[in-house]
Amino acid sequence: MSFSRRSVLKGTAAILAAPAILRAHDALASSGQVDVFAWGDYIQDNMIQKFEGDTGIKVNLSTFGSNDEAENKLLAAGGKGFDVIFPSVTNGPNYYPNNLLAPLDESKVAMDQIIPSMVRDSINLGATYRGKRYLLPFDWGTEAITYDSEKWPMDRDEVSFGSLWTPEAKGAAAFRQKSVIMGVAIYLDATGEVPSNRALDIYKSEDDARRVWDGCTKFILERKENIAAFWNNATEATAAFTDAGATIGQTWDTTGLLLNRENAKWKYRMPKEGGITWMDSMGVTAGAANVDQAYAFINAMLQPEMAGMFAMNTGYNSAVKGAAEFAGEDYKNQFNEVYTEEALANLWWWQADTPYFAPLRQEYVEKITNA
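A. Representation of the packing of aromatic side chains within the structure. Counted according to the given criterion, the structure contains 32 aromatic pairs. The ring of F219 carries the charged tip of R223 above its face, separated from the ring centre by 3.8 Å.

The following block contains the structure:
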């Protein structure tokens, strides 16, 4: 699967008519409300106000800070308690065996509002199960390098996952443990120190994953003096730079882009090895009590105006056609600055989870954390 800057911008440039969405008095379910379970920064007040004003349906919002938290909470509730959920698409395979999500009725969804390449590529990333679609593309983004350009005067082509581990980064690096082992794997493959087919060997077998992650963990722990802070959600990631003294880190895009809006010294750039890329999605839970309202909410999220509002709020990239037209100049300027033709051609996609992936990764997370 691949993106080009031209195809992404072309996909976000077309403005289509907004889909019809259910009003409260049209809904067949028993209540005029929808229970939404989303990442902490996704569904903000301006989006809730628009949806409630357009439909009369009340939004009950609950949030999570990690995919593990979302999975565990929904599993504990037996797939009930929420109507719409926003997992990373690669985590879909963790939901399906436990019947936590309902197959989607695509006839109820404004599918033509989604960038076609996102719909297509989501299949390989985990959005379908046994021939049925359970998850819809919602947004995509990257995990790359945020840094203070006054302390790190790097040219674009010098930025690397290895930049976190130089002697100059002592006490200055921040990262999320569960993804830094992927960034280091990509880096050590590029240098030839731990060959791994650009980290894809991790998905081949547990033995291959152990071989690669053993090498990554050894590399990290030999340089643990560089660590300034760990982060596990967007709030902690920002605090690593504003409160914990980090000047360089492997972060989600929103961290670097929002810091940049506050102070231009902060830069967010794709490393030369390729930015780690993710896709988050929308689905209806198996125990949804408000199914019609759930589809109304999903279709509202697929409106270009709402999708642009989301991109402006967060700095993430929407999977909706025409979103960029409503995301403001800051978003468009930052997108063009960060996602050059070369950067988009070199993205590295998270793959669908294998059965051993999450528990094994947690084993290495604990080794890094406890050290």
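B. How the structure looks around the pattern of salt bridges. What the rule picks out here adds up to 18 salt bridges. Across the pair R211 and D201 runs a salt bridge whose closest N-O atoms are separated by 3.1 Å. Pair noted here: R211 is in helix 7 (residues 206–221) and D201 is in the loop between helix 6 (177–191) and helix 7, with a separation of 10 residues, a long-range link. Note on R211: relative accessible area 37%, which makes it partly exposed. Taken together, the salt bridges that share partners define one network made up of D201, K204, D208 and R211.

C. Region of the structure containing the nonpolar core. Formed by 116 residues in total, the largest nonpolar core has its most connected members in Y42, I43, F86, I202, W213, F297 and M301. No other element matches the 8 residues that helix 6 contributes to this core. Residues contacting Y42, with those up to four places away along its chain left out, are M47, F86, F138, D139, W278, D280, F310 and Y316. Counting 7 residues, the second-largest nonpolar core is a separate cluster that includes A174, A229, A246 and W266.

D. Here's a closer look at the packing of helix 6 against helix 7. The N-to-C vectors of helix 6 and helix 7 enclose an angle of 100°; their axes lie 9 Å apart at closest approach. Taken together, the axis directions place helix 6 and helix 7 in an arrangement best described as roughly perpendicular. Listed contacts from helix 7 to V180, I181, M182, V184, A185, Y187 and L188 of helix 6 are V212, W213, G215, C216, F219 and I220. Taken together, the residues of the contact of helix 6 with helix 7 sort by class into 12 nonpolar, 1 polar and no charged.

E. Structural detail: the packing of helix 9 (residues 253–262) against helix 11 (residues 304–314). At a minimum axis separation of 9 Å, helix 9 and helix 11 run at an interaxial angle of 75°. Relative to helix 11, the element helix 9 lies roughly perpendicular. Two secondary-structure elements touch here, helix 9 through T254, L258 and R261 and helix 11 through A311, M312, N313 and T314. Tallied by class, the residues present in the contact of helix 9 with helix 11 amount to 3 nonpolar, 3 polar and 1 charged.

F. Structural detail: the environment of G283. By the secondary structure assignment, G283 is in strand 12 (residues 276–285). For the pair G283 and V89, spaced 194 residues apart in sequence, the C-alpha separation works out to 9.7 Å.

G. Structural context of unusual backbone geometry. Despite not being glycine, N99 shows a phi value in the positive range, around 55°. Position of N99 relative to the elements: it lies in the loop between helix 4 (92–95) and strand 4 (101–102). Of note, R130 is a non-glycine position whose phi angle comes to about 50°, a positive value. Among the structural elements, R130 can be located in the loop between strand 5 (128–129) and strand 6 (132–133). Of the residues examined, R130 reaches a relative accessible area of 76% and is grouped as exposed.

H. Quick peek at the pairing of strand 12. Within strand 12, 10 of the 10 residues are buried, leaving the element largely enclosed by the surrounding structure. Where strand 4 meets strand 12, 2 bridges bridge the pair, whose relative direction is antiparallel. Among the inter-strand pairings, A102 is bridged to a residue of strand 12, identified as V284. Inspection of the sheet shows strand 7 (residues 136–148) paired to strand 12 by 7 bridges, in the antiparallel sense. For G141, the partnering residue across the bridge sits in strand 12 and is W278.

I. Quick look at the pairing of strand 7. With 13 of its 13 residues buried, strand 7 lies for the most part within the structure. By the bridge criterion, 2 bridges tie strand 7 to strand 13 (residues 317–318) in an arrangement that is antiparallel. Within strand 13, the position partnered with W140 by the bridge is N317. Here strand 7 runs beside strand 10 (residues 248–252); their pairing, made up of 5 bridges, is antiparallel. Its bridge partner lying in strand 10, E143 is registered against W252.

Basis of the calculations
Residues numbered from 1 in each chain as written. Predicted model: local features only at pLDDT ≥ 70, side-chain atom pairs only at ≥ 80, totals over all residues. Heavy atoms only, no water. Phe/Tyr/Trp six-rings, centres within 6.5 Å; stacked < 30°, edge-to-face > 60°. Lys NZ or Arg CZ within 6 Å of the ring centre and 35° of its normal. Salt bridge = Lys/Arg side-chain N within 4 Å of Asp/Glu carboxyl O. Helix = DSSP H or I, 4+ residues; strand = E, 2+ residues; numbered from the N terminus. Buried < 20%, exposed > 50% of the residue type's maximum accessible area, 1.4 Å probe, protein only. Core = buried A, V, L, I, M, F, W, Y, C linked by side-chain atoms within 4.5 Å. Contact = heavy atoms within 4.5 Å. Axes fitted to C-alpha atoms, helices over the stretch in contact; angles between N-to-C directions. Parallel < 35°, antiparallel > 145°, perpendicular 65-115°, else oblique. Nonpolar A, V, L, I, M, F, W, Y, C, P; charged D, E, K, R; others polar. Pairing = 2+ DSSP bridges.

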